[in-house]
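# A closer look at the structure
Residue strings, one per chain:
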Amino acid sequence: MVDKVKTDAVEALAGLLFDGMTIMAGGFGLCGIPENLIAAIREAGTKDLTVISNNCGVDGFGLGILLENRQIKKMVSSYVGENKLFEQLYLSGELELEFNPQGTLAERIRAGGAGIPAFFTRTGYGTLVAEGKEVREFDGEMYVMERGLTADLAIVKAWKADAEGNLIYRKTARNFNPMMATAGKKTVVEVEQLVAIGALDKDAIHTPGIYVDHLIKGAKFEKRIERVTTRQKEQA
């Protein structure tokens, strides 16, 4: 069996990074992001990146550190509202943006991983999202054609894995990570817990190890909160 477990993020990404590449980065907001792998990409200095991710982290954390280092050329995203630098770079023309409805983005990634080159959806018809895309009528309704997405590299965060690369995600961190694991030419994963082969409940595995090339146990996880919202306690 190929040894998928690597010492750290630098070793896991060795030989996989090059300027101008496309990277998928999993997670939802700051939940379930591969923060150790992102930090290693920043240190590597790989530039002119196209990054496919639901959002682009926040200022100073997550994918935001790649923006700060001017390593990202283009984002393919659905939500960018938590990052002031993103806004500045986009409005100044320094950053390209391919905006997607969130469900469409998820399905484009899933389709790419399943070998489906394109699909039709009603979402976005008659809006800017549909400009320049093929439109077709099915059963009296108009649909927009969207292309499947793949990447040179998918970086993924999971909760638990075994040495074969079988993965289990936890709650919201399951958003985008499973489909991205299938859509990269190479997939590198960081996990919180690394267990012995056979220790995982086979019925609970979300991503089979066949999709995983390299695997690390993350050195640290900050698990930041994007925006804390509280309410006053009700009086007794």
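Residues numbered from 1 in each chain as written. Predicted model: local features only at pLDDT ≥ 70, side-chain atom pairs only at ≥ 80, totals over all residues. Heavy atoms only, no water.

Under an unreviewed UniProt entry, the protein has the name CoA transferase subunit A and belongs to Caulobacter segnis.

In this structure, the largest pocket encloses a volume near 280 Å³. Along the walls of the largest pocket sit 16 residues, with Cys31, Gly32, Ala173, Glu192 and Lys223 positioned nearest its centre. No other element matches strand 8 (residues 151-162), which puts 3 residues into the lining of the largest pocket. Residue classes in the lining of the largest pocket are distributed as 7 nonpolar, 2 polar and 7 charged. Considered as a void within the structure, the second largest pocket measures approximately 170 Å³ in volume. Lining the second largest pocket we find Glu35, Asn36, Ile38, Ala39, Gly60, Phe61, Gly62, Ile65, Ala219, Lys220, Glu222 and Arg224. In the lining of the second largest pocket, the residues fall into 5 nonpolar, 3 polar and 4 charged. (1 Å grid on protein atoms, 1.4 Å probe; cavity = no way out; pocket = protein on both sides within 12 Å on 5 of 7 lines; lining within 4 Å. Points joined across faces, edges and corners; volume = space filled by probe spheres on them. Helix = DSSP H or I, 4+ residues; strand = E, 2+ residues; numbered from the N terminus. Nonpolar A, V, L, I, M, F, W, Y, C, P; charged D, E, K, R; others polar.)

Let's shift gears to the pairing of strand 5 (residues 118-121). Residue alternation in strand 5 divides its side chains into a buried set, Phe119 and Thr121, and an unburied set, Ala118 and Phe120. Pairing geometry for strand 5 and strand 7 (residues 141-147), over 4 bridges, is antiparallel. Note that in strand 7 the partner of Ala118 across the bridge is Arg147. (Buried < 20%, exposed > 50% of the residue type's maximum accessible area, 1.4 Å probe, protein only. Pairing = 2+ DSSP bridges.)

We now examine the packing of aromatic side chains. On inspection of all chains with the given rule, the structure shows 2 aromatic pairs. Their ring planes at 85° and their centres at 5.5 Å tell us that Phe138 and Tyr143 sit as a pair that is edge-to-face. A network of ring pairs unites the aromatic residues Phe120, Phe138 and Tyr143 as a single cluster. In this structure, Lys157 is placed above the aromatic ring of Phe221, and the distance from its NZ or CZ to the ring centre is 4.4 Å. (Phe/Tyr/Trp six-rings, centres within 6.5 Å; stacked < 30°, edge-to-face > 60°. Lys NZ or Arg CZ within 6 Å of the ring centre and 35° of its normal.)

Take helix 2 (residues 35-44) next. Looking only at helix 2, the buried set comprises Glu35, Asn36, Leu37, Ile38, Ala40 and Ile41. A positive backbone phi angle near 75° is found at Gly45, which sits one or two residues after helix 2.

Evaluation of the coordinates by the stated rule reveals 11 salt bridges. Lys74 is paired through a salt bridge with Glu98; the nearest N and O atoms lie 3.2 Å apart. In this pair, Lys74 is assigned in strand 3 (residues 72-77) and Glu98 in strand 4 (residues 96-99), connecting sequence segments 24 residues apart. Taking relative accessible area as the criterion, Glu98 reaches 26% and is therefore assigned partly exposed. A salt bridge links Glu141 to Arg122; the shortest N-O distance between them is 3.5 Å. Here Glu141, found in strand 7, pairs with Arg122, found in the loop between strand 5 and strand 6 (135-138); they are 19 residues apart in sequence, far enough to count as distant. Here the salt bridges share partners, and the residues they tie into one network are Lys74, Glu98 and Arg108. (Salt bridge = Lys/Arg side-chain N within 4 Å of Asp/Glu carboxyl O.)

Turning to the side chain of Asn166, a few remarks are in order. Relative to the helices and strands, Asn166 is located in the loop between strand 8 and strand 9 (167-168). A polar contact of 3.0 Å, which involves the side chain of Asn166, links it to the side chain of Asp162. A polar contact of 2.8 Å, which involves the side chain of Asn166, links it to the backbone nitrogen of Gly209. (Polar contact = N/O pair within 3.5 Å; in protein donor to acceptor, adjacent residues only side chain to side chain.)

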